[in-house]
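Understanding the architecture of this molecule
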Amino acid sequence: MRSKRSTGLLAIVIYKAFVASLLAVTSIALLFTLKNYQNLALFSESYILETKFTIIEWLIDKILNISPAKLKFSGIAIGVYAIVTAIEAIGLWYEKPWATLLVLGLVGISIPPEIFELIKGVTILKLIVFLVNVAIFLYLLRHFPIHKK
């Protein structure tokens, strides 16, 4: 019989699945951009002349100022991180102790850089991500599975 998952664990699984999805989409977009780098440059020249959407102009400008080597590295690194995050979510869903350790390790490692980023400049998104990660870390640490023989 399946054990009833706590609300906190379910929320973490949903959050991790959402983050894994965003990371996967970002990785695919970066690798797609790399494959179509020249076409994007040509598109941007004609599109920017006709557009009123400055956010799109800003985004295309940022993408085109990244070297193809950095795009490739970023796309692959984000793809690997998306896979690891998906594995975390699946492991937590099945309540595997190794998944809890993996999440504790990765979230614990990310907290100091997040603090550094907050010191450099606070934004709502940075603060939310930091608070969510601290909450996940503390929740999993407090509810770490105790194995019974």
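I will try to describe carefully the structure that is included in this document. Being a predicted model, the structure only gives us computed values, none of them experimental.

When you go through the protein chain residue by residue, the secondary structure sums to 6 helices and 0 strands. Taken from the N to the C terminus, the helices and strands of the protein chain come in the order α-α-α-α-α-α. A total of 149 residues make up the protein chain; the buried ones form 26% of that total. For the protein chain, the proportion of contacts with a sequence separation of at least 24, taken over those separated by at least 6, is 69%. Accessible area for the protein chain stands at about 10,700 Å²; split by element, carbon and sulfur atoms hold 73% of it.

In this section: the packing of helix H5 (residues 97-120) against helix H6 (residues 124-142). At their nearest, the axes of H5 and H6 sit 9 Å apart, and the two run at 145° to each other. Both H5 and H6 take part in a crossing whose hand is left-handed. Across from Thr100, Val103, Leu104, Val107, Gly108, Ser110, Ile111, Glu114, Ile115, Glu117 and Leu118 in H5, the residues of H6 making contact are Lys126, Leu127, Val129, Phe130, Asn133, Val134, Ile136, Phe137, Leu140 and Leu141. A class-by-class count of the residues in the contact of H5 with H6 yields 14 nonpolar, 4 polar and 3 charged.

Another aspect to go through is the environment of Glu88. With respect to the helices and strands, Glu88 occurs in helix H4 (residues 68-93). A residue is classified by how much of its surface remains accessible, and Glu88, at 1% relative accessible area, is buried. For the pair Glu88 and Thr100, spaced 12 residues apart in sequence, the C-alpha separation works out to 7.8 Å. Excluding anything up to four places from it in sequence, Glu88 contacts Lys16, Ala99, Leu102, Val103 and Leu106.

In this section: the pattern of salt bridges. Applying the stated criterion to the full structure yields 3 salt bridges. When the shortest N-O distance is used, the salt bridge between Glu88 and Lys16 registers 3.1 Å. Here Lys16 lies in helix H1 (residues 7-35) and Glu88 lies in helix H4, a separation of 72 residues in the sequence. The two residues Glu88 and Lys16 agree in class, both being buried. Across the pair Glu117 and Lys126 runs a salt bridge, and its minimum N-O distance is 3.4 Å. Look at Glu117 and you get partly exposed, because its relative accessible area is 30%. One network of salt bridges, with partners in common, ties together Glu117, Lys120 and Lys126.

Tallying each qualifying case throughout the model produces 0 aromatic pairs. A cation over an aromatic ring shows up here: Arg5 above the ring of Trp93, its NZ or CZ 3.7 Å from the ring centre.

A word on H5. The α-helix winds at 3.6 residues per turn, so residues separated by three or four positions along the chain end up facing the same way. Here H5 is 24 residues long and its end C-alpha atoms lie 35 Å apart, about the 34 Å a rise of 1.5 Å per residue gives. In the structure, H5 departs most strongly from a straight axis at Ile111, where the bend amounts to approximately 30° and where the proline Pro112 lies between one and four residues downstream. Each element contacted by the buried residues of H5 is listed here: H1, H4 and H6.

What counts and what doesn't
- Residues numbered from 1 in each chain as written.
- Predicted model: local features only at pLDDT ≥ 70, side-chain atom pairs only at ≥ 80, totals over all residues.
- Heavy atoms only, no water.
- Helix = DSSP H or I, 4+ residues; strand = E, 2+ residues; numbered from the N terminus.
- Buried < 20%, exposed > 50% of the residue type's maximum accessible area, 1.4 Å probe, protein only.
- Contact = heavy atoms within 4.5 Å.
- Areas by Shrake-Rupley, 256 points an atom, 1.4 Å probe, with all protein chains shown as cover.
- Axes fitted to C-alpha atoms, helices over the stretch in contact; angles between N-to-C directions.
- Left-handed = near helix turned anticlockwise from the far one by under 90°.
- Nonpolar A, V, L, I, M, F, W, Y, C, P; charged D, E, K, R; others polar.
- Salt bridge = Lys/Arg side-chain N within 4 Å of Asp/Glu carboxyl O.
- Phe/Tyr/Trp six-rings, centres within 6.5 Å; stacked < 30°, edge-to-face > 60°.
- Lys NZ or Arg CZ within 6 Å of the ring centre and 35° of its normal.
- Expected span 1.5 Å × (residues − 1).
- Bend = angle between axes of the 7 residues up to and from the residue.

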